[in-house]
Amino acid sequence: MAKVDRKIPEVGMRFTNPDEGWLFWVAYGGRTGFDVRKRCTNVRKMDGKVTSCRYVCSNEGHRRKKESEHARKCFRAETRTDCKARMVIILDQEIGNYEVTDVMLEHNHLLHIPETFHLMRSQRKISELQAFEIETADDSGIRPKAAHELATRQVGGPLNLSYTCRDRKNYLQSRRQRELAFGQAGSMLKYFHDKIIENPSLQYALELDYEEHITNIFSADAKMILDYANFGDVVTFDTTFGTNKEYRPFGVFLGLNQFRETTIFGAALLFDETEASFTWLFETFLAAHNGKQPTTIYTDQDAAMGKAIKIVFTESYHGLCTFHIMQNAVKHLSPVKGTEEEEEEGEEKDEGEQEEEGEEESHILYDFSACMFGHEDEASFEEAFQIMRSKVHKQTWLDSIYKVKEKWAECYMRDVFSLGVRSTQLSESFNNALKNHLKSDFDIIRFLKHFERSVQEKRDKELESEFEARKNLPRRLMCTPMLVQASEVYTPVIFEAFQSEYERSMAACARVLDGEHKYVVAVVNLLGEVSSEVEYTVIGDPLNQKASCSCRMFERAGILCAHGLKVLDLMNIKKLPPHYILKRWTREARNG
């Protein structure tokens, strides 16, 4: 029998089967410098056994002329030269193997040089292992060009790699076509079906229109459901990011875990941003999470979204994103213009007047920001807002935002449990991270797969934080019973925040008001002055070990304030009472 590694075809050589003969011809072409192809294969009708094969040079024969070819603007380069190089094998009926009966090794064209042998079509092949590596690189977000360069380096150069960068791209394109073989809707159902096999706890829902086309999609895996059970008290939702190719809004439900890092509760692809779509989405979200409503949910100022939240999240406080509000303020707030006579005159303003106008506009934005964050009682807010209103020329937007002041002004949110969150910046940050892995030409299946990877990155970050929390000892400024207790209970980032309040409590001054255990507390500033600091009223309860402060920090953020810590110390309570340790901020947040 002939072996594939023999160098030159000869009449009389024998092969066990046609495949062995073909591999020999391919290898010979690769060593010599010409591409190969199968010219014809004859098969016996009664049993389907191959009786003969003709293997030729790829330049054999002439290209067929098509009728429409004369109308083409771009012609394909001619490659056929009627080359006669060939090898014919015929079945030996008695022995049962295949014998070479005809060989022609002369070519009528230039052969390829050794440096380009790897570019010949017959020498290029993607093995199963290479296919796995290509798919893994694509799923990891590595661009084909960069992934191909890495593969080339790993094998010592392009001559040792059995495929080209174009082959890689073609393979990925074929894979995507296979993924969408059942159409967009069918492929999406198959995608979720496969995910459920991997993760039986996966929740997903599809909404169909009257033509049974998929309009809205929601999904949440087991980890998202568990995270929401532990950290779903404050949620942000935003749809500012789209897939571009499908022009569909993409929304993510996000929150904060025990390390104050972003955690994902669910994701959705929507057909549009109407009240009906949002209502379906929010109802589906609650159903996936066993009907548990968040304490607080933050969104942008989308009117349709607001209506849907009012319908579905009946037990939740709905806050508006302060970042989006400030962006709108920049667009809509401008100083009062001059008199009508000045406008009619149309006199040009010099640079000095323009600078003054710019300064006045920045002052208005500063005043608006103060109304949003700087006033703790409603009376002072109303007074400041009216003063600012008198400085603004067009008040339409200002009137509309005033109607929903309970959703963004500090004085109306003093009892809102927010964990310090006042905007949808969690969503903005996650969307920016997601964009790093996405291209505008992604179909929905690829989009969902790359979203999975972005989610996994966030989860890996949480594991790193967990590892560091167990590895590194907390840095305590002093060794008091309360700080030792807090360092053992809280996660590192929350302990740092608590320790900051504890440090401020050491610089706090308190005086007793009428009645038992009622104090006015103020934190001394760096200059040692008390008069410039805000005073808060704290009511102590030694029996129940409570210190209720008018700043409401614990009710909003879940960390006891410096004023409350001062009063606990005055009541000789040296350890933090259990009811002031919010489990969601502790190392055991996921346990129990």
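Structural data are supplied above this passage.
The paragraphs below set out a description of the structure included in this document. Along every chain, residues carry numbers that run from 1 in the direction the sequence is written. Where totals are concerned, whole chains, interfaces and linings use all residues; where local detail is concerned, this predicted model gives features only for residues with pLDDT of at least 70, and gives and counts side-chain atom pairs only at 80 or more. Values shown for side chains rest on all heavy atoms present in the structure; no hydrogens or waters enter the calculation.

**What about helix H1 (residues 18–32)?**
At step 1: Elements are defined by DSSP. Helices are runs of H or I of four residues or more, strands are runs of E of two residues or more, and each kind is numbered from the N terminus. Expected span of a helix, by definition, is 1.5 Å for each gap between consecutive residues, and there is one gap fewer than residues. Between its first and last C-alpha, H1 extends 21 Å over 15 residues, near the 21 Å set by a 1.5 Å rise per residue.
At step 2: The set of residues buried in H1 consists of Pro 18, Glu 20, Gly 21, Trp 22, Phe 24, Trp 25, Val 26, Tyr 28, Gly 29 and Gly 30.
At step 3: Its side-chain oxygen 3.2 Å from the backbone nitrogen of Asp 19, Asn 17 forms the N-cap of H1.
At step 4: Positive phi appears at Gly 33, one or two residues downstream of H1, with a value of about 110 degrees. The classification of residues rests on relative accessible area computed with a 1.4 Å probe and restricted to protein chains. Under 20% of the type maximum is buried, over 50% is exposed, and intermediate values are partly exposed. Think of a polar contact as two N or O atoms within 3.5 Å of one another; within protein, one of them needs to be a possible hydrogen donor and the other a possible acceptor, and neighboring residues in sequence only count if both atoms come from side chains.

**Section: the side chain of Ser 219**
At step 1: Turning to its location among the elements, Ser 219 is positioned in strand E7 (residues 214–220).
At step 2: You can call Ser 219 buried: its relative accessible area is 15%.
At step 3: Contacts between residues were defined by any pair of non-hydrogen atoms, one from each residue, lying within 4.5 Å. Once you skip the residues sitting within four places of it in the chain, Ser 219 turns out to touch Phe 192, Gln 203, Tyr 204, Met 224, Gly 266 and Ala 267.

**Some details on the packing of aromatic side chains**
At step 1: Here a pair means two rings of Phe, Tyr or Trp (six-membered ring of Trp) with centres within 6.5 Å. Their orientation is stacked below 30 degrees between planes, edge-to-face above 60, and tilted elsewhere. Going through the model one piece at a time under the given rule, you end up with 29 aromatic pairs.
At step 2: Measuring from ring centre to ring centre gives 5.6 Å for Phe 368 and Trp 397, while their planes differ by 50 degrees; the resulting arrangement is tilted. Placement of the pair is Phe 368 in helix H11 (residues 351–373) and Trp 397 in helix H13 (residues 396–402), with a sequence separation of 29 residues.
At step 3: Note on Trp 397: relative accessible area 11%, which makes it buried.
At step 4: With centroids separated by 6.5 Å and ring planes inclined at 35 degrees, the aromatic side chains of Phe 498 and Tyr 502 adopt a geometry described as tilted.

**Concerning the environment of Glu 383**
At step 1: Locating Glu 383 in the fold gives a position in helix H12 (residues 378–389).
At step 2: Look at Glu 383 and you get exposed, because its relative accessible area is 54%.
At step 3: Residues Glu 383 and Cys 371, spaced 12 residues apart in sequence, show a C-alpha to C-alpha distance of 9.6 Å.

**Looking at helix H8 (residues 303–312)**
At step 1: Those residues of H8 that fall on the buried side of the exposure criterion are Ala 304, Met 305, Gly 306, Ala 308, Ile 309 and Val 312.
At step 2: Two or three places before Ala 304, at the opening of H8, Asp 302 has a side-chain oxygen 3.1 Å from that residue's backbone nitrogen.

**Things to note about the packing of helix H16 (residues 481–489) against helix H17 (residues 492–506)**
At step 1: Axis angles are defined between N-to-C directions and span 0 to 180 degrees, where every axis is a line fitted to C-alpha atoms and, for a helix, only to the segment in contact. The contact between H16 and H17 brings their axes to 9 Å, and the two run at 165 degrees. The pairing of H16 with H17 is recorded here as roughly antiparallel in orientation. For the crossing formed where H16 meets H17, the hand is right-handed. In this structure, H16 contributes Met 482, Leu 483, Ala 486 and Ser 487 to the contact, and H17 contributes Phe 495, Phe 498, Gln 499 and Tyr 502. The scheme is simple: roughly parallel for angles under 35 degrees, roughly antiparallel for over 145, roughly perpendicular for 65 to 115, oblique for anything else. Crossing handedness follows the turn of the near helix against the far one: under a right angle anticlockwise gives a left-handed crossing, and clockwise gives a right-handed one.

**Observations regarding the sheet that holds strand E5 (residues 98–104)**
At step 1: Taken in spatial order, the five strands of this open sheet run E1-E5-E4-E3-E2, and their pairing is antiparallel. In this open sheet, the two edge strands, each paired with only one partner strand, are strand E1 (14–15) and strand E2 (36–43).
At step 2: If DSSP finds at least two bridges between two strands, the strands pair. Sheet topology note: the E1/E5 ladder contains two bridges and is antiparallel. Residue pairing for E5: Arg 14 is matched across the bridge by Glu 99.
At step 3: Along the sheet face, H1 touches E1, E2, strand E3 (50–57), strand E4 (86–91) and E5 and points at about 10 degrees away from the line of E3.

**Structural notes on the sheet that holds strand E15 (residues 536–541)**
At step 1: One open sheet holds the four strands; their spatial order is E13-E14-E15-E16, and the pairing between them is antiparallel. The sheet is open, and its two edges are formed by strand E13 (508–512) and strand E16 (546–549), each paired on a single side. For this sheet the average axis-to-axis angle between neighbouring strands, irrespective of direction, equals 30 degrees.
At step 2: Sheet topology note: the E13/strand E14 (residues 518–523) ladder contains five bridges and is antiparallel. Paired with Arg 511 across the bridge in E14 is Val 520.
At step 3: Across the sheet, helix H19 (residues 562–570) lies against E13, E14, E15 and E16, angled at about 125 degrees from E14, the strand it touches most.

**Some remarks on the nonpolar core**
At step 1: Remark: nonpolar core denotes a set of buried residues (Ala, Val, Leu, Ile, Met, Phe, Trp, Tyr, Cys) joined through side-chain atoms within 4.5 Å. Core analysis: the largest hydrophobic core is formed by 86 residues, its most contacted members being Phe 218, Phe 253, Leu 281, Phe 282, Phe 498 and Leu 576.
At step 2: With seven residues, the top contributor of residues to this core is helix H7 (residues 275–288).
At step 3: The contacts of Leu 576, once residues within four sequence positions are left out, are Met 482, Gln 485, Tyr 490, Phe 498, Leu 560, Leu 565, Leu 568 and Ile 581.
At step 4: Formed by 22 residues, the second largest nonpolar core is a distinct cluster that contains Ala 329, Ile 364, Val 392 and Leu 398.

**Focus on the pattern of salt bridges**
At step 1: Salt bridge criterion: a side-chain nitrogen from Lys or Arg within 4 Å of a carboxyl oxygen from Asp or Glu. Taken as a whole, this structure holds 31 salt bridges when the rule is applied.
At step 2: Close ionic contact of Arg 39 with Glu 60 constitutes a salt bridge, the shortest N to O distance being 3.0 Å. With Arg 39 in strand E2 and Glu 60 in the loop between E3 and E4, this residue pair connects regions lying 21 residues apart in the sequence.
At step 3: Overall, the relative accessible area of 42% leaves Arg 39 in the partly exposed class.

**Let's talk about the packing of H7 against H8**
In helix packing, the relevant descriptors are the interaxial angle and the interaxial distance, both defined with respect to the helix axes.
At step 1: Where H7 contacts H8, the axes come no closer than 8 Å and their chain directions differ by 40 degrees. Comparing their axes, H8 and H7 come out oblique. As for the relative orientation of H7 and H8, their crossing is right-handed in sense. Judged by residue contacts, Glu 275, Phe 278, Thr 279, Phe 282, Glu 283 and Leu 286 of H7 engage Ala 304, Met 305, Lys 307, Ala 308, Ile 309, Ile 311 and Val 312 from H8.
At step 2: By the convention adopted, Pro, Cys, Tyr, Trp, Phe, Met, Ile, Leu, Val and Ala count as nonpolar, Lys, Arg, Asp and Glu as charged, and the other residues, Gly among them, as polar. Tallied by class, the residues present in the contact of H7 with H8 amount to nine nonpolar, one polar and three charged.

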